[in-house]
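Reading the structure
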Amino acid sequence: MNMNSNIPDRGLAYISPNAKIGDNCKIFPFVYIEDDVVIGDGCIIFPFVSICSGTRMGKRNKIHQGSVIGALPQDFNFRGEKSECIIGDGNIIRENVVINRATHTGGQTVIGNNNVLMEGAHISHDTKVGNRCVFGYGTKIAGDCEIEDGVIFSSSVIENAKTRVGQGAMVQAGTTFSRDVPPYIVATKKNTYGGVNFAVGRQHGVDEKTLKHIANAYRLVFNGGTSLFDAVNQIVDQVPDGPEIRHIVEFLRATKLGIISKK
């Protein structure tokens, strides 16, 4: 353990001697840290947090009261194998958040950088989360999901297993979905397409012309009256090329469960 870390009362916290704690961390009383844990520099771990074996945490994370990081996977296929929970840098993890490690040997649950997980959020085994995402109160993400950068989940969202959410998408409060949510759109509480997410697109520096191209692409997908396969081909033929349009095409072509429905 690095003695540069600030532990107000080590007698009231359990920190395994095998855990590796970075410089300038602040670890409050009643924290529980198991073996095989790595915590990077400058992290703040508030009281009553549990950080379990297999956790690899980067720098400047804040973990609030009652959260459990690297919890055993809630998966009937789990047989006690060694796996990991990877947390990047600069994340804010609020009260009572649970993040499970992966199910099988060599597997990883991954949380990227600068995400905010609000009270009661749950990220399940083997899910991969990008950067700068927001998970609203009580949002539950099932196992084996993929969430790209800049996604916003409002409160009480349920994402079912093996689904994907594309970059810059927003999922409205109370939505439960079992199909993919494509990039740059709003998914409504009725589990349908609610238009292009113009506000977040602008925040991420997408210009107005490109936003119009994105809207045209999704008109072909959701209002074109054709199959997704044909709609994607129409996007390639009819919508001016650019990084965002190429990303939409790649995302749609890779879907295995299909995408949310039109209005």
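Up top you'll find the structure we're talking about.
Read on for a plain summary of the structure. Keep in mind that this is a model prediction, so the values were computed, not measured. (Residues numbered from 1 in each chain as written. Predicted model: local features only at pLDDT ≥ 70, side-chain atom pairs only at ≥ 80, totals over all residues. Heavy atoms only, no water.)

This next bit is on the overall build of the chain. Secondary structure assignment for the chain yields 4 helices and 27 strands. Computed over its C-alpha atoms, the radius of gyration of the chain comes to 20 Å, within 12% of the 18 Å expected for a compact globule of 263 residues. Over its C-alpha atoms, taken along the principal directions, the chain stretches across nearly 65 × 40 × 30 Å. A buried classification covers 50% of the 263 residues belonging to the chain. If you take every contact in the chain between residues at least 6 apart in sequence, the share linking residues at least 24 apart comes to 29%. The centroid of the 28 positive side-chain charges in the chain is displaced by 5 Å from the centroid of its 26 negative side-chain charges. (Helix = DSSP H or I, 4+ residues; strand = E, 2+ residues; numbered from the N terminus. Rg over C-alpha atoms; globule rule 2.2 N^0.38 Å. Buried < 20%, exposed > 50% of the residue type's maximum accessible area, 1.4 Å probe, protein only. Contact = heavy atoms within 4.5 Å. Lys, Arg positive; Asp, Glu negative; His and termini not counted. Charge placed at Lys NZ, Arg CZ, Asp CG, Glu CD.)

Packed helix pairs are specified by the crossing angle of their axes together with the interaxial distance, meaning the distance between the axes. Between helix 3 (residues 228–238) and helix 4 (residues 243–253), whose axes approach to 10 Å, the crossing angle comes to 160 degrees. As far as their axial angle goes, helix 4 and helix 3 are roughly antiparallel. Helix-helix and strand crossings are classified by hand; for helix 3 and helix 4 the assignment is left-handed. Two secondary-structure elements touch here, helix 3 through Leu228, Val232, Asn233, Ile235 and Val236 and helix 4 through Ile245, Val249, Leu252 and Arg253. The residue inventory of the contact of helix 3 with helix 4, partitioned by class, reads 7 nonpolar, 1 polar and 1 charged. (Axes fitted to C-alpha atoms, helices over the stretch in contact; angles between N-to-C directions. Parallel < 35°, antiparallel > 145°, perpendicular 65-115°, else oblique. Left-handed = near helix turned anticlockwise from the far one by under 90°. Nonpolar A, V, L, I, M, F, W, Y, C, P; charged D, E, K, R; others polar.)

Any link to function would need more than the numbers given here.
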